[in-house]
Amino acid sequence: MLDPILIFELAALGLATGFLAGLLGIGGGMLIGPFMTIILSSVGVAADLAVKMAIATSMATIMFTSISSVRAHHRRGAVRWDIVKGLAPGIMLGGALASAGVFALLKGTALAIFFAVFVSFSATQMFLDKKPKPSRKMPGTGGQVAAGGIIGFLSGLVGAGGGFISVPFMVAHNISIINAVATSAALGFPIALANTVGYVFSGASLTGLPPHSLGYVWLPALGVIACCSVLTAPLGAKMAHRLPVAKLKRVFAVILYGLAGYMLWKGLHG
């Protein structure tokens, strides 16, 4: 049985990440990863393994938050399903390669530092709010498959739904921030599915995992967070259609800076 305080912490994390998934299209993984690292470390999981399990568990929760938030965005006609169709095949391939192969080979501390550096770069791009050339459009089929592969691969290394890459990518190609956030939410499901299967496969033979783990995925946390996050994801999606564009981008950037700082500290001192 989980400690009641731990259940409360996981529930609060689920409510917060569900809201952010709907609001920013980030799947919640950018928030869950750092906090799950803290929680797993507090229950005695070694630092290196805690980072990896936090990344894998946060990714698994995105399967649920994505479905909840994308339904709300779809009702408002904000999801660009043509872009989802173009990026999804590459996302599945890139995610499988990262989670079933590279992820298991890297140390958790190295993954934490990579998380911090790449997320800081993404946050800076959003905070600066650079305007793309008016004539710039989404690439063709081959370009979208390649871009999807990069999004899926990098998402698999940091346990996030890809919004920290896909939203800036789409905005840079003159997709509105609302459409980019909504489409990113839809992309969260194929990213999460491909990577979660990989995390289960690559961690299947590990020893020393906490009870009720499926590969790198910690099932008790997945259950509590998923149940709570689906409650607040529609609320976040509703707010995304009311906030000014500039404010939405800056909220995105500030959150990412804070989480990147913690993961950098964890990687350097893990």
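Residues numbered from 1 in each chain as written. Predicted model: local features only at pLDDT ≥ 70, side-chain atom pairs only at ≥ 80, totals over all residues. Heavy atoms only, no water.

*Asks:* Which residues make up a positive patch on the surface, and what are the values?
*Replies:* A surface patch of like charges, here positive, comprises Arg-71, Arg-75, Arg-76, Lys-238 and Arg-242. The partly exposed category is assigned to Lys-238, whose relative accessible area is 35%. (Patch = residues over 30% accessible without salt bridge, like charges linked within 9 Å, V, L, I, M, F, W, Y side chains within 5 Å. Areas by Shrake-Rupley, 256 points an atom, 1.4 Å probe, with all protein chains shown as cover. Salt bridge = Lys/Arg side-chain N within 4 Å of Asp/Glu carboxyl O. Lys, Arg positive; Asp, Glu negative; His and termini not counted. Charge placed at Lys NZ, Arg CZ, Asp CG, Glu CD. Buried < 20%, exposed > 50% of the residue type's maximum accessible area, 1.4 Å probe, protein only.)

*Asks:* Give a detailed account of a nonpolar patch on the surface, specifying residues and quantitative values.
*Replies:* Together, Ile-67, Met-92, Phe-189, Leu-193 and Val-197 line one region of the surface with nonpolar side chains, adding up to about 390 Å² of accessible area. Of all the elements, helix H8 (residues 177-202) adds the most residues to the nonpolar patch, at 3 residues. Topologically, Phe-189 is positioned in helix H8. (Helix = DSSP H or I, 4+ residues; strand = E, 2+ residues; numbered from the N terminus.)

*Asks:* Any chance you could break down the nonpolar core for me, citing the residues and the numbers?
*Replies:* If you look at the biggest cluster of nonpolar residues, it comprises 76 residues, and the most contacted ones within it are Leu-10, Met-36, Leu-40, Met-170, Tyr-199 and Trp-218. At 12 residues, the largest contribution of residues to this core is made by helix H3 (residues 47-75). Excluding residues within four positions of it along the chain, Met-170 makes contact with Ile-83, Met-138, Ile-175, Ala-180, Thr-183, Ser-184 and Leu-187. (Core = buried A, V, L, I, M, F, W, Y, C linked by side-chain atoms within 4.5 Å. Contact = heavy atoms within 4.5 Å.)

*Asks:* Quick rundown of the pattern of salt bridges? Include the residues and the values.
*Replies:* Following the criterion strictly, the structure yields 1 salt bridge and no others. In this structure, the salt-bridge partner of Arg-80 is Asp-82, at a minimum N-O distance of 2.9 Å. Among the residues examined, Asp-82 registers a relative accessible area of 45% and is labelled partly exposed.

*Asks:* Quick rundown of the packing of H3 against helix H9 (residues 219-240)? Include the residues and the values.
*Replies:* Each pair of packed helices gets described by two things: the angle between the helix axes and the distance between those axes. Relative to each other, H3 and H9 sit at 35 degrees, their axes nearing to 8 Å. By crossing handedness, the relation of H3 to H9 is classed as right-handed. Contacts between H3 and H9 involve Thr-57, Ala-60, Thr-61, Phe-64, Thr-65, Ser-68, Ser-69, Ala-72 and His-73 from the first element and Ala-221, Leu-222, Ile-225, Ala-226, Ser-229, Val-230, Ala-233, Pro-234, Ala-237 and Ala-240 from the second. Of the residues in the contact of H3 with H9, the class split is 12 nonpolar, 7 polar and no charged. (Axes fitted to C-alpha atoms, helices over the stretch in contact; angles between N-to-C directions. Left-handed = near helix turned anticlockwise from the far one by under 90°. Nonpolar A, V, L, I, M, F, W, Y, C, P; charged D, E, K, R; others polar.)

*Asks:* So, the confidence of the model for the chain: which residues are in play, and what are the values?
*Replies:* Summing up the model confidence of the chain, the mean pLDDT is 81 and the portion of residues at 70 or higher is 91%. Within the chain, the lowest mean pLDDT, 74, falls on helix H10 (residues 245-269), and the highest, 92, falls on strand E2 (residues 217-218). (pLDDT = per-residue confidence, 0-100.)

*Asks:* Kindly report on helix H4 (residues 81-105), identifying the contributing residues and their values.
*Replies:* An α-helix turns once every 3.6 residues. As a result, residues three or four positions apart point the same way. The end-to-end C-alpha distance of H4, which contains 25 residues, comes to 35 Å, matching closely the 36 Å that a straight helix rising 1.5 Å per residue would cover. Along H4, the sharpest kink reaches roughly 35 degrees, centred on Leu-87 and followed within four residues by the proline Pro-89. Regarding H4, the residues found buried are Ile-83, Val-84, Gly-86, Leu-87, Ala-88, Gly-90, Ile-91, Gly-94, Gly-95, Ala-98, Ser-99 and Phe-103. (Expected span 1.5 Å × (residues − 1). Bend = angle between axes of the 7 residues up to and from the residue.)

*Asks:* So, the packing of H4 against H8: which residues are in play, and what are the values?
*Replies:* Contact pair H4 / H8: the axes reach a minimum separation of 8 Å and the direction vectors enclose 25 degrees. With respect to H8, the element H4 is oriented roughly parallel. Regarding H4 and H8, the two cross each other, and that crossing is right-handed. (Parallel < 35°, antiparallel > 145°, perpendicular 65-115°, else oblique.)

*Asks:* Kindly report on unusual backbone geometry, identifying the contributing residues and their values.
*Replies:* Of note, the phi angle at Asn-174 is positive, near 65 degrees, even though the residue is not glycine. Position of Asn-174 relative to the elements: it lies in the loop between helix H7 (163-172) and H8. Taking the relative accessible area as the measure of exposure, Asn-174 reaches 33% and is therefore partly exposed.

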